[in-house]
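Commentary on secondary and tertiary structure
So you can see what is in the structure, the chains are spelled out below.
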Amino acid sequence: MEVSYRVFVVLVLLLFLASGSFSIDNFHQPFPIVEPDPGHTKLRLSREGLEAISRINTPIAAVAVIGPYRSGKSFLLNQLLSLSCYEGFGVGHMRDTKTKGIWVWGTPVEMDIDGVRTSVFYLDTEGFESVGKSNVYDDRIFALATVMSSALIYNLPETVREADISRLSFAVELAEEFYGRFAPSSIC
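Here's what I pulled together on the structure shown here. (Residues numbered from 1 in each chain as written. Predicted model: local features only at pLDDT ≥ 70, side-chain atom pairs only at ≥ 80, totals over all residues. Heavy atoms only, no water.)

1. So, the overall build of the protein chain
When its secondary structure is counted, the protein chain shows six helices and seven strands. Carbon and sulfur atoms form 56% of the exposed surface of the protein chain, whose accessible area is close to 10100 Å². (Helix = DSSP H or I, 4+ residues; strand = E, 2+ residues; numbered from the N terminus. Areas by Shrake-Rupley, 256 points an atom, 1.4 Å probe, with all protein chains shown as cover.)

2. Quick word on the pattern of salt bridges
If you walk through the whole model with that rule in mind, you get two salt bridges. One salt bridge connects Glu35 with Arg44, and the closest N-O pair in it is separated by 3.1 Å. The shortest N-O distance in the salt bridge between Arg117 and Asp112 comes to 3.7 Å. Judged by its relative accessible area of 56%, Asp112 is exposed. (Salt bridge = Lys/Arg side-chain N within 4 Å of Asp/Glu carboxyl O. Buried < 20%, exposed > 50% of the residue type's maximum accessible area, 1.4 Å probe, protein only.)

3. Side note on the side chain of Ser149
Among the secondary structure elements, Ser149 is positioned in the loop between helix H4 (135–148) and strand E7 (151–154). Looking at Ser149, its side chain comes within polar contact range of the main-chain oxygen of Ala145, at 2.9 Å. (Polar contact = N/O pair within 3.5 Å; in protein donor to acceptor, adjacent residues only side chain to side chain.)

4. Focus: the environment of Ala171
Position of Ala171 among the secondary structure elements: in helix H5 (residues 162–181). Judged by its relative accessible area of 7%, Ala171 falls in the buried class. Ala171 sits 28 residues away from Ala143 along the chain, and the two C-alpha atoms are 7.1 Å apart.

5. What to know about the nonpolar core
In terms of nonpolar packing, the biggest core is built from 24 residues, with Ile33, Ile102, Val104 and Leu123 touching the most fellow members. Residue assignment for this core shows that the elements contributing at least two residues are strand E1 (30–36), helix H2 (47–54), strand E3 (60–66), strand E4 (102–105), strand E6 (116–125) and H4. In contact with Leu123, other than residues within four places in its own chain, are Ile33, Ala62, Val63, Ala64, Val65, Leu77, Ile102, Trp103, Val104 and Met148. (Core = buried A, V, L, I, M, F, W, Y, C linked by side-chain atoms within 4.5 Å. Contact = heavy atoms within 4.5 Å.)

6. Some thoughts on helix H3 (residues 73–80)
An α-helix turns once per 3.6 residues; consequently, residues spaced three or four apart project the same way. Of the residues making up H3, those classed as buried are Lys73, Ser74, Leu77 and Asn78. What you see down the axis of H3 is that its buried residues fit within an arc of 135°, all on one side. Buried-residue contacts for H3 involve E3 and E6. Backbone geometry just downstream of H3 places Ser82 in the positive-phi region, at approximately 55°. (Arc of directions from axis to C-beta.)

7. Some details on the side chain of Ser74
Within the element layout of this structure, Ser74 appears in helix H3. A polar atom in the side chain of Ser74 sits 2.5 Å from the side chain of Asp124. Excluding anything up to four places from it in sequence, Ser74 contacts Phe89, Gly90, Val91, Thr99 and Asp124.

Functional significance is not addressed by these values, which are geometric in nature.
Have a look at this one:
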């Protein structure tokens, strides 16, 4: 996993857009970063998750898990964080999706990456292909998770389908475009 300037740039932009006073007492829980509007057509920034990130003063890396709804994304993140389903990301037991939008675990995992002390955040995303949402909404969640993450995990509960290959191809194109615009040399 490489510490990425694009993650820093995206998070700074998000913090700027959602600036304001807000206070969280307990960071050992998940917080929304991006939430859907009531109709699941648009996304809006959430100050809670952004405050959890803004308090960090080391380089940041993000690991995002994407995939279809009810495919175990939240469960996988809880396993990576060594948390139970009761203390970590919410895990649903019904057909309805539990995660709405994009959520961050409030306490980063501190790691040395390429000799640099780095705060690694874990991002849980709303699954795509659930009932009552448009493909455009799914694409927005997917694109945001792609540009916000240093490492992207595509969690599939079954065999790879053609739609999955298309989404991964889109992620590669999006990353190439984003890297082209925000390469380290163009930041200075």
